[in-house]
Amino acid sequence: MDVYFVKPLPAVDEINATKTVFITGANSGVGFETARQLVVNYGLNVILGCRSLSKCNAAADAINANAKKGSASPLLIDLSNFDSVKQAAAQLSEQKIDALYNNAGYAPDLGIPVNEYMLDPSFTTMHLGPHLLTELLLQTNPSLRVVNTSSGTHHLCAIPFAYLPENLLHLIEWNPGCVDEQFLQFGISTPTDSGAYFQAKIANVMHAVSIPHNHPRATSVAIDLGWVGTSILPWMKMSISPTSMKLMRNAQTGVSPAIHAILSSDEELLDGLGKNRIWNDGGVIMNTLGRTEEAYSLSFWTGKLSRDRMLELGRKLWVTSERIISSIN
């Protein structure tokens, strides 16, 4: 059905092939496939960010074997380690980066202990590390396009609280909005809980929305890829899987929102959001069909979880993230 509803990808001759893109989590899954299409189909130069240099080299070699114009190159980065993030950003400081794709992520197990920073390890890897990386790259690339892999599961920070009767809300183990004042004060410094993935994914949205508020020349998009068959969970790699049964998108189709978010012009990304919409109003969401929409605009983001409330929490997340990173650095 995707062929009928997903927005067609940009034509090759419409894209400036001199662009350079940095992608984290790029040696497999969505990151690898996005890099492959950008290099092989569009002739871009892509820097692959990976935790394992051997896997990164292998991924770059596999992409370059089919490249005609663009190229892939490896760069070691571990987003759970702030020193590693700073070292990677320092290596990138001498070249122009047009787009940063904060893609690295994982589905955390329950009860993973706090890390060396005394923080939730999943939130560190999927939000604080990318926040630091983004800030460092913006120092030398003020017009950076930032793309965050979020997830449609971020809506679970609102849906139960909009539709469940009050006497059942005690069954929900995460807070309304997921990243609220209580989480920012206490939860961010605890082992992973049942809401860890949702907390990280709503933070990816909050981060993307807040970037143009703090960096007026930058543009930012949080993307929802939909249900894509990758290696993020072990059962996705089995010979019989939802992907093989056509119940999940394969990676080749699933990365289309990422390709759109990276390659679309500033004007294209705001198209349809209102004639007076400007980037200083904040970053945007891109849905699974490759079309942009406003964050927190669906009907269940209402009442105590209205758009205004979530924008307020996004500002508080930004301040908290800056404070934590500064205290560690």
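Just so it is clear, the structure is predicted and the values come from calculations on it, not from any experiment. (Residues numbered from 1 in each chain as written. Predicted model: local features only at pLDDT ≥ 70, side-chain atom pairs only at ≥ 80, totals over all residues. Heavy atoms only, no water.)

J.: Is there a simple way to think about the overall build of the protein chain in this case?
T.: For the protein chain, the count of helices and strands is 12 helices and 8 strands. Relative to a compact globule of 329 residues, whose C-alpha radius of gyration would be 20 Å, the protein chain shows 19 Å and is just as compact. Each of the three principal axes of the protein chain carries a C-alpha extent, and together these read 60 × 50 × 45 Å. Classification of the 329 residues of the protein chain by burial places 52% in the buried group. Restricting the contact set of the protein chain to residue pairs at least 6 apart, pairs at least 24 apart contribute 73%. Carbon and sulfur atoms make up 54% of the accessible area of the protein chain, which amounts to about 15,000 Å² in all. Each charge class in the protein chain was averaged separately, 24 positive and 29 negative side chains, and the resulting centres sit 4 Å apart. (Helix = DSSP H or I, 4+ residues; strand = E, 2+ residues; numbered from the N terminus. Rg over C-alpha atoms; globule rule 2.2 N^0.38 Å. Buried < 20%, exposed > 50% of the residue type's maximum accessible area, 1.4 Å probe, protein only. Contact = heavy atoms within 4.5 Å. Areas by Shrake-Rupley, 256 points an atom, 1.4 Å probe, with all protein chains shown as cover. Lys, Arg positive; Asp, Glu negative; His and termini not counted. Charge placed at Lys NZ, Arg CZ, Asp CG, Glu CD.)

J.: How do you make sense of a nonpolar patch on the surface when you look at a structure like this?
T.: Taken together, the side chains of Leu164, Leu168 and Leu171 make up a nonpolar region of the molecular surface, amounting to roughly 240 Å² of accessible area. Its location among the elements puts Leu164 in the loop between α6 (159-163) and α7 (181-185). We classify Leu164 as partly exposed; its relative accessible area is 33%. (Patch = residues over 30% accessible without salt bridge, like charges linked within 9 Å, V, L, I, M, F, W, Y side chains within 5 Å. Salt bridge = Lys/Arg side-chain N within 4 Å of Asp/Glu carboxyl O.)

J.: Would you take a moment to explain the packing of helix α2 (residues 29-41) against helix α10 (residues 256-263) for this structure?
T.: Packed helices, taken two at a time, are described by the angle their axes make and the gap between the axes. Packing of α2 against α10 brings their axes to within 10 Å, and their N-to-C directions diverge by 55°. Between α2 and α10, the angle is such that the two are oblique. For the pair α2 and α10, the crossing hand works out as right-handed. Between α2, through Thr34, Gln37 and Leu38, and α10, the contact on the second element is made entirely by Ala258, Ile259, Ile262 and Leu263. Split into classes, the residues belonging to the contact of α2 with α10 amount to 5 nonpolar, 2 polar and no charged. (Axes fitted to C-alpha atoms, helices over the stretch in contact; angles between N-to-C directions. Parallel < 35°, antiparallel > 145°, perpendicular 65-115°, else oblique. Left-handed = near helix turned anticlockwise from the far one by under 90°. Nonpolar A, V, L, I, M, F, W, Y, C, P; charged D, E, K, R; others polar.)

J.: Even after reading the chapter, I still don't get helix α4 (residues 82-92), so can you show me in this structure?
T.: Side chains three or four residues apart in an α-helix point the same way, a direct result of the helix having 3.6 residues per turn. The complete set of buried residues in α4 reads Phe82, Ser84, Val85, Ala88, Ala89 and Leu92. For α4, the buried positions fall inside an angular range of 160° around the axis, keeping them on one side. Opposite the packed face of α4, turned more than 90 degrees from it, sit the exposed residues Gln87 and Gln91. Buried residues along α4 sit against β1 (20-24), β2 (45-50), β3 (71-76), α5 (121-140) and α12 (307-328). Where α4 begins, the side chain of Asn81 points an oxygen toward the backbone nitrogen of Asp83, at a separation of 2.9 Å. (Arc of directions from axis to C-beta. Polar contact = N/O pair within 3.5 Å; in protein donor to acceptor, adjacent residues only side chain to side chain.)

J.: Quick question: what am I supposed to make of the pattern of salt bridges here?
T.: Two side chains bearing opposite charge may form a pair once their charged atoms approach each other closely. What the rule picks out here adds up to 10 salt bridges. Between Lys96 and Asp98 there is a salt bridge, with the nearest N and O atoms lying 2.3 Å from each other. Of the residues examined, Lys96 reaches a relative accessible area of 57% and is grouped as exposed. Between Arg309 and Glu312 there is a salt bridge, with its nearest N and O atoms 3.4 Å apart. Placement of both Arg309 and Glu312 in helix α12 is noted, with a separation of 3 residues, approximately one turn of the helix. Take Glu312: its relative accessible area is 30%, and that puts it in the partly exposed class. Taken together, the salt bridges that share partners define one network made up of Glu181, Arg309, Glu312 and Lys316.

J.: What's the story with helix α8 (residues 196-214) in this structure? I'm lost.
T.: Helix length check: α8, at 19 residues, gives a terminal C-alpha distance of 26 Å against a target of 27 Å (1.5 Å per residue), a fit within 8%. With respect to burial, α8 is a largely interior element, 16 of its 19 residues being buried. (Expected span 1.5 Å × (residues − 1).)

J.: Mind showing me how you'd approach the nonpolar core here?
T.: Considering soluble globular proteins, one finds that nonpolar side chains tend to be buried as a cluster. Grouped together as the largest cluster of nonpolar side chains are 54 residues, with contacts concentrated most on Phe22, Leu133, Ile202, Tyr296 and Trp301. Of all the elements in the fold, those that place two or more residues in this core are α4, α5, α7, α8 and α12. Top element by residues in this core is α8. It accounts for 8 residues. Setting aside anything within four residues of it in sequence, one finds Leu133 in contact with Phe22, Thr24, Ile77, Leu79, Val85, Ala89, Leu100 and Asn102. In this structure, Val21, Cys50, Ala99 and Ile262 belong to the second largest nonpolar core, which totals 37 residues. (Core = buried A, V, L, I, M, F, W, Y, C linked by side-chain atoms within 4.5 Å.)

J.: I would appreciate a short explanation of the side chain of Asp98 in the present structure.
T.: When you line up the elements, Asp98 lands in the loop between α4 and β4 (99-102). A distance of 2.8 Å separates the side chain of Asp98 from the backbone nitrogen of Thr20, its partner in a polar contact. Beyond its immediate sequence surroundings of up to four residues, Asp98 is in contact with Thr18, Lys19, Thr20, Leu144 and Arg145.

J.: I tried to follow the environment of Leu305 on my own but got confused; where do I start?
T.: Along the polypeptide, Leu305 turns up in the loop between β8 (292-293) and α12. Distance from Leu305 to Gln252, taken between C-alpha atoms, is 35 Å for residues 53 residues apart in sequence.

J.: What should I look at first to understand the sheet that holds β1 in this one?
T.: Within a sheet, adjacent strands bond to each other through the backbone by hydrogen bonds, running parallel or antiparallel. Taking strand neighbours across the sheet as the criterion, the 8 strands line up as β3-β2-β1-β4-β5-β6-β7-β8 in an open arrangement whose pairing is mixed. Looking along the sheet, the strands with just one partner apiece sit at the ends: β3 and β8. Of the pairings in the sheet, the one linking β4 to strand β5 (residues 145-149) comprises 4 bridges and is parallel in character. Looking at β5, one finds that Leu100 is bridged to Val146. α2 rests against β1, β2, β3 and β4 of the sheet, and its axis sits at about 165° to β1. Running over the sheet, helix α3 (residues 53-64) touches β2 and β3 and is turned about 175° from β3. (Pairing = 2+ DSSP bridges.)

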